[in-house]
Amino acid sequence: MKKKDTILVIGAAGQIGTDLVLALRKKHGTENVIAADINIPSKQITENGLFVQLDVLDKTKVENTVKTHKVTQVYLLAALLSATAEKKPDFAWKLNMVSLFTILNLAKNKLIEKVFWPSSIAVFGPNAPKQNCNQYAVTDPQTVYGISKLAGERWCEYYNKNYNVDVRSLRYPGLISYKSDPGGGTTDYAVHIYHEALKNKHYDCYLSENTALPMMYMEDAINATLQIMDTDSKNIKIRSSYNLSGISFTPKQVFESIKLHIPNFTINYKPDERQKIADSWPASINDSNAREDWGWNEAFDLKKMSSEMLKRLK
Ligand code: AKB
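This is a predicted model, so every value here is computed, not measured.

Student: Before we move on, can you summarise the site of the ligand with the specific residues and values?
Tutor: Surveying the vicinity of the ligand reveals the residues Leu81, Ser82, Ser120, Ile121, Tyr145, Gly185, Thr186, Thr187 and Trp281. The contact in question runs from an oxygen atom of the ligand to an N or O atom on the side chain of Ser82, over 2.5 Å. Thr187 has a polar side-chain atom sitting 2.9 Å from a nitrogen atom of the ligand. Compared with its free state, where it exposes 260 Å², the ligand has 93% of that area covered by protein. By residue class, the composition of the shell around the ligand is four nonpolar, five polar and no charged. Here the shell around the ligand spans two domains, since at least three of its residues come from each of domain 1 (7-173 + 216-243) and domain 2 (175-215 + 246-313).

Student: Would you mind going over helix α7 (residues 189-199) in detail, with residue names and values included?
Tutor: Those residues of α7 that fall on the buried side of the exposure criterion are Tyr189, Ala190, Val191, Ile193, Tyr194 and Ala197. Of the residues one or two after α7, Lys201 is the one with positive phi, at around 60°.

Student: Describe the packing of aromatic side chains, listing the residues and the values that go with them.
Tutor: Tallied over the entire structure, the rule returns 13 aromatic pairs. When the centroid spacing of 4.9 Å and the interplanar angle of 70° are considered together, the rings of Tyr159 and Tyr163 count as edge-to-face. One end of the pair is Tyr159 and the other is Tyr163, both in helix α6 (residues 144-163) and four residues apart, which spans about a single turn. Assessed through its relative accessible area of 6%, Tyr159 is described here as buried.

Student: Lay out helix α5 (residues 89-108) in plain terms, naming residues and giving numbers.
Tutor: Compared with an ideal rise of 1.5 Å per residue, which puts 20 residues at 28 Å, α5 spans 28 Å between its outermost C-alpha atoms and is within 8% of the ideal. For α5, the complete set of buried residues consists of Ala92, Leu95, Asn96, Met97, Ser99, Leu100, Thr102, Ile103, Leu104, Leu106 and Ala107. Residue Lys110 follows α5 closely and has a positive phi angle near 65°.

What counts, and where the lines are drawn
Residues numbered from 1 in each chain as written. Predicted model: local features only at pLDDT ≥ 70, side-chain atom pairs only at ≥ 80, totals over all residues. Heavy atoms only, no water. Near = heavy atom within 4 Å. Polar contact = N/O pair within 3.5 Å; in protein donor to acceptor, adjacent residues only side chain to side chain. Areas by Shrake-Rupley, 256 points an atom, 1.4 Å probe, with all protein chains shown as cover. Nonpolar A, V, L, I, M, F, W, Y, C, P; charged D, E, K, R; others polar. Domains from an automatic or database assignment. Buried < 20%, exposed > 50% of the residue type's maximum accessible area, 1.4 Å probe, protein only. Helix = DSSP H or I, 4+ residues; strand = E, 2+ residues; numbered from the N terminus. Phe/Tyr/Trp six-rings, centres within 6.5 Å; stacked < 30°, edge-to-face > 60°. Expected span 1.5 Å × (residues − 1).

Take it as geometry only, folks, not as evidence of what the structure does.
This is the structure:
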């Protein structure tokens, strides 16, 4: 019988980390999932299992944590997202790349068996198709974040091909969740809008009304992540990162879907510097490789997501 995995989630206090740790603990047992972050996560994470305070740039501490707890799988989620990375390009590059090398090298040296590392639709730039952007479309990212994700993808594939590292990755779209807030992304408006609709019945949106972007409800993103990590290695035919698609919508469309529940909800559009980033990304993604290779299928459309978000946040 295969021994139980011990899983380390780095970046457990972040938007994906919060949901992922809870889902992994449910699946693998609380005692087998260690949450790690430089920041202290919410109580739902710290009170229900082991938490290690960890700066992912401290290579020795990362290695010691892996060795001490005999970690077999690492989910590396620590990163600066698109909007913040534009403000701190040096640090974003350092954080996003050094952390990846640390984990890939631990896997190369057989200290870890499997790695999950998230990429993003931000690897695409203005020369990729706007609609239904395919897996192998031109990648000419215009942002620090996108450049770091594209470089990371190339390194993942390199470590797999040359050192047999079992690394798996998804190009996440904008993620929408109620358990924790997003931090520093261009797609964050799609979470804030629900909070503001309930609290103030008004939202000032920093993107223009017709800016369509690829998005996904967090439950779908977590299911995709667990699915790609569970599937047999032979099904993973792409070792850079898989396109992943859920929903595509504009600020106006999400506003209208909320208005069905909160009729007096109002919105203003005041595009800021994040508009330029959004304009450089595709509006929708073709993820047929993920569907064919390991059976991906989303469950949430915009209508279902809006009902769920408003119900949960209330
Ligand atoms: C961001 O907006 O930076 C992220 C992403 C699309 O990767 N949510």
